[in-house]
Amino acid sequence: MSDRHSPTTFTDINEAVGTDWESNTTPYERIWNVIIHTYSPLSADTVADTARTAPKTARKHLNVFADEGFVETTPGEHGSTQYRRSPESLVMEQASDILEHVSTDELVARIQDMREQLTEYQAEFGVESPEELAVSQTNQVLAESGGPQAEIDPERIREWKTLRRNLAFANAALSISTAEQFVDDDRRSTD
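For the chain, an unreviewed UniProt entry supplies the name Transcriptional regulator and the organism Halorubrum ezzemoulense.

Okay, here's the thing in C-alpha cells:
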C-alpha cells in the first residue's frame, strides 16, 4: 500500500488555503496583496479573480490606488483599463526598506563603494552602460561578419545592471533621508 496522496488532495489544500485567506482578510487587503506583486498590467477582472472578490470591488480599490499613485493604469483591449504597480511606489518601498535597515552614514559609504564598482565596470568594458555594451557588440558582430569575437559573460552584465539598480535605490533612500532631515529641521525651527 502506498502512502502517496492523490492530486486532488493538493487541490483541496490549495482551496483550503484560499478559503482561509479569504475569511481572514478584507477584499481591500487581498487586492492590495495582489497588486503589490503585479508588475505587468492586469485587468480588474484578473485582479478580482486572484483576490477572490468581485470585479466591481476590485475596480473600486484599484482606482483608489491609482489616485494615490500606487497603481499605474494603461489602456487595455476594447477600452478596458489595465492596472499594475507603479514604479514610483516600488522605489519608495525599496528606499524605505533601506532606511529602516541602514544608517545614513553607512548608506553614504555603500553608495561610494557602488559608484567605484560602477566606474570599474565602465573601465573594464570601455562603455558607460550595459546597454551601450550591447549596441557596441552588435555593431562589432556586423562589422566583422562572423570573425572571432570576445565572449562577454552574461552574469557580469547582470551584475552590472543589478549594481546600477541598487545604486539608484540607495540614491533614492539617501535623498529621502536628506529631505526628511530638512523637514525635521524646519519643523523644529518653527516650534
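**Focus on the confidence of the model for the chain**
In this model, the chain carries an average pLDDT of 86, and 84% of its residues clear a pLDDT of 70 or more. Per-element averaging of pLDDT across the chain places helix H7 (residues 130-144) at the bottom with 72 and helix H4 (residues 55-67) at the top with 96.

**A word on the packing of helix H3 (residues 44-51) against H4**
Relative to each other, H3 and H4 sit at 110°, their axes nearing to 8 Å. Comparing their axes, H4 and H3 come out roughly perpendicular. Of H4, the residues touching H3 (which contributes Ala44, Asp45, Val47 and Ala48) are Pro55, Ala58, Arg59 and Leu62.

**A few points about the environment of threonine 46**
Along the chain, threonine 46 falls in helix H3. The exposure class of threonine 46 is partly exposed, given its relative accessible area of 33%. Separated by 12 residues in the primary sequence, threonine 46 and valine 34 place their C-alpha atoms 9.9 Å from one another.

**Regarding helix H5 (residues 87-101)**
Here H5 is 15 residues long and its end C-alpha atoms lie 22 Å apart, about the 21 Å a rise of 1.5 Å per residue gives. When H5 is considered as a whole, its buried residues turn out to be Ser89, Ala95 and Ile98.

**Overview of the pairing of strand S2 (residues 71-75)**
Two elements, S2 and strand S3 (residues 81-85), share five bridges in a ladder whose sense is antiparallel. From the neighbouring strand, proline 75 faces S3, where its bridge partner is threonine 81. In this structure, the hairpin formed by S2 and S3 is closed by a connection of five residues, where histidine 78 is found at a positive phi of approximately 55°.

**Overview of the pattern of salt bridges**
One pass over the structure, following the stated rule, counts 10 salt bridges. With a shortest N-O distance of 2.8 Å, glutamate 131 and arginine 164 are connected by a salt bridge. Of this pair, glutamate 131 sits in helix H7 while arginine 164 sits in helix H8 (residues 154-190), and the two are 33 residues apart along the sequence. A salt bridge links glutamate 159 to arginine 156; the nearest nitrogen and oxygen atoms lie 3.6 Å apart. On the criterion of helical spacing, the pair formed by glutamate 159 and arginine 156 is a turn pair, its members being three residues apart in helix H8. When its relative accessible area of 34% is taken as the criterion, glutamate 159 is described as partly exposed.

**Re unusual backbone geometry**
It is generally the case that most residues other than glycine have a negative phi and that most peptide bonds are trans. In this model, arginine 52 sits at a positive phi of 55°, which is unusual for a non-glycine residue. With respect to the helices and strands, arginine 52 occurs in the loop between H3 and H4. Of note, histidine 78 is a non-glycine position whose phi angle comes to about 55°, a positive value. By the element assignment, histidine 78 lies in the loop between S2 and S3.

Here is what the cut-offs are and how they apply
Residues numbered from 1 in each chain as written. Predicted model: local features only at pLDDT ≥ 70, side-chain atom pairs only at ≥ 80, totals over all residues. Heavy atoms only, no water. pLDDT = per-residue confidence, 0-100. Helix = DSSP H or I, 4+ residues; strand = E, 2+ residues; numbered from the N terminus. Axes fitted to C-alpha atoms, helices over the stretch in contact; angles between N-to-C directions. Parallel < 35°, antiparallel > 145°, perpendicular 65-115°, else oblique. Contact = heavy atoms within 4.5 Å. Buried < 20%, exposed > 50% of the residue type's maximum accessible area, 1.4 Å probe, protein only. Expected span 1.5 Å × (residues − 1). Pairing = 2+ DSSP bridges. Salt bridge = Lys/Arg side-chain N within 4 Å of Asp/Glu carboxyl O.

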